[in-house]
Amino acid sequence: MYDRGKIITGIILFVIVLLIPFLYNSFTGRAAYVPELTTGTSEKECVGPKAFMRTDHMKLLDVWKETAVRQGVRTYRAHNGKTYTISLSGTCIECHAQKEQFCDRCHDYAGITPKCWNCHVYEKVVRK
Amino acid sequence: MKRRDFLKIATLTLAGVSVKPLTNLFTKPALADISSQGTQRGLPQWVMVVDLDICGKKDECTDCIEACNRVHNIPLIKDSRHEVKWIWNAPFDSIFREQGFGRVHEEWPKKSVPVLCNHCENPPCVAVCPTKATWKREDGIVMMDYHRCIGCRYCVAACPYGARSFNWKDPRPYIKEIHRDFPTRTKGVVEKCNFCEERLARNLVPACVEACKEGGLIFGDIRKEDSMVRKILSTRLSIRRKPHLGTEPKVYYLL
């Protein structure tokens, strides 16, 4: 093989560069990082069980959107038998008042940017 | 087939078919039935009446417009190309010209008249919307679902009353007070008057009606026999915008 030395060094360098993110994560412990969420409420119950809300809140919000806007039904009977008003800026944000420390933190971690807040108003946007 | 066999099969079939209706007797109606229940009960049909005898008495009154702008987070953009309007004032002559009423009274042509979405019985905007982002509710309100609007502006072109506005830019910097009770809109969607659907849901009259202290705006259910709007419309002469188009507006103007 011609230029054996160069090729092998090249491959080794390439592999090292490729592994940098993984090595970085394993040495700094960043891979195990999980965002810390603060709800900012003393309320113990959400409109759904915790596990369900964690994985499926977007589906629930989608259903809420359809029921409120298209069917004009603005109340939601939750799993715990309580009735909630269907409102993102009302019901949701009332408890999860610190949007930045709750919604945003996890969404940033997951690398997604929901468009809800382009229209729906939260405390920071309110202007009087 | 023997007569006996036929009877056996027939009885079994009947028993099989009757399972579903029988179980229905013991179950609650499904959630999907809510809409049809509404029709049976006879949902209201909302109409608005603008009394031109009262409206415009106070010089350059914009109470109704300001109230609407406030509750619906409507941006105030000076550039007329980017303007967003739900309810606004227009000269009588420009909106009723083809009906020839301008000649009846000297002052009328220049009179300022509030105009808004007519919530047509046959809404052309609904017919053209490719995503059903705008549709007619059972109570007659022509609704917008901003989530679904793709900003094609077909409805803006279809509306004969100019009642629809497009958000050419982010409206938020242009809103004086932003309230939490109602969402703002975003760049790229169309918007218009919603007959205060969100307030009707809370048993409140539309914001413009509430704001008109003189009582120039009357709102109510035309289906209800003893409703104010029905009484007024049956006793006084009223006109609607562009009746020849057959859109059947639900905003009436009393002469």
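Residues numbered from 1 in each chain as written. Chains lettered and ligands numbered in written order. Predicted model: local features only at pLDDT ≥ 70, side-chain atom pairs only at ≥ 80, totals over all residues. Heavy atoms only, no water.

Engineer: So what about the domain arrangement of chain B? Which residues, and what values?
Structural biologist: Domains assigned within chain B are domain 1 (1-30) and domain 2 (38-254). For domain 1 of chain B versus domain 2 of chain B, the separation of C-alpha centres amounts to 54 Å. (Domains from an automatic or database assignment.)

Engineer: An account of the sheet that holds strand 1 (residues 46-51) of chain B is requested, with residue identities and associated values reported.
Structural biologist: Residue and element names in this part refer to chain B. The strand order 8-1-10-9 describes an open sheet built from 4 strands, whose pairing is mixed. Here the strands that pair on one side only, and so sit at the sheet edges, are strand 8 (217-221) and strand 9 (238-239). Across the sheet, helix 10 (residues 228-235) lies against strand 1, strand 8, strand 9 and strand 10 (251-254), angled at about 110° from strand 8, the strand it touches most. (Pairing = 2+ DSSP bridges. Helix = DSSP H or I, 4+ residues; strand = E, 2+ residues; numbered from the N terminus. Contact = heavy atoms within 4.5 Å. Axes fitted to C-alpha atoms, helices over the stretch in contact; angles between N-to-C directions.)

Engineer: Just give me the short version of the side chain of B:Asp145, but keep the residues and values in it.
Structural biologist: For B:Asp145, the location among the structural elements is in the loop between strand 5 (142-144) and helix 7 (154-158). Engagement of the side chain of B:Asp145 in a polar contact is seen with the side chain of B:His147, the distance being 2.9 Å. Residues contacting B:Asp145, with those up to four places away along its chain left out, are A:Val69, A:Arg70, B:Ala133 and B:Trp135. (Polar contact = N/O pair within 3.5 Å; in protein donor to acceptor, adjacent residues only side chain to side chain.)

Engineer: Explain the nonpolar core to me, and be specific about the residues and the numbers.
Structural biologist: Formed by 55 residues in total, the largest nonpolar core has its most connected members in B:Met48, B:Trp86, B:Phe92, B:Phe195, B:Leu217 and B:Tyr253. Those residues in contact with B:Met48 that lie beyond four places of it in its chain are B:Leu116, B:Phe195, B:Cys208, B:Val209, B:Leu217, B:Ile218, B:Phe219, B:Lys250, B:Val251 and B:Tyr252. Core analysis: the second largest hydrophobic core is formed by 18 residues, A:Met53, A:Trp64, A:Ile93 and B:Ile175 among them. (Core = buried A, V, L, I, M, F, W, Y, C linked by side-chain atoms within 4.5 Å. Buried < 20%, exposed > 50% of the residue type's maximum accessible area, 1.4 Å probe, protein only.)

Engineer: Quick rundown of the pairing of strand 1 of chain B? Include the residues and the values.
Structural biologist: Residues and elements named next belong to chain B. Counting buried residues along strand 1, 6 of its 6 residues qualify, which places the element largely inside the surrounding structure. Burial of strand 1 is two-sided: the residues Trp46, Met48 and Val50 facing one way and the residues Val47, Val49 and Asp51 facing the other way are all buried. Pairing geometry for strand 1 and strand 8, over 5 bridges, is antiparallel. By the bridge assignment, valine 49 is partnered in strand 8 with isoleucine 218. Taken together, the 4 bridges between strand 1 and strand 10 define a ladder with parallel strand orientation.

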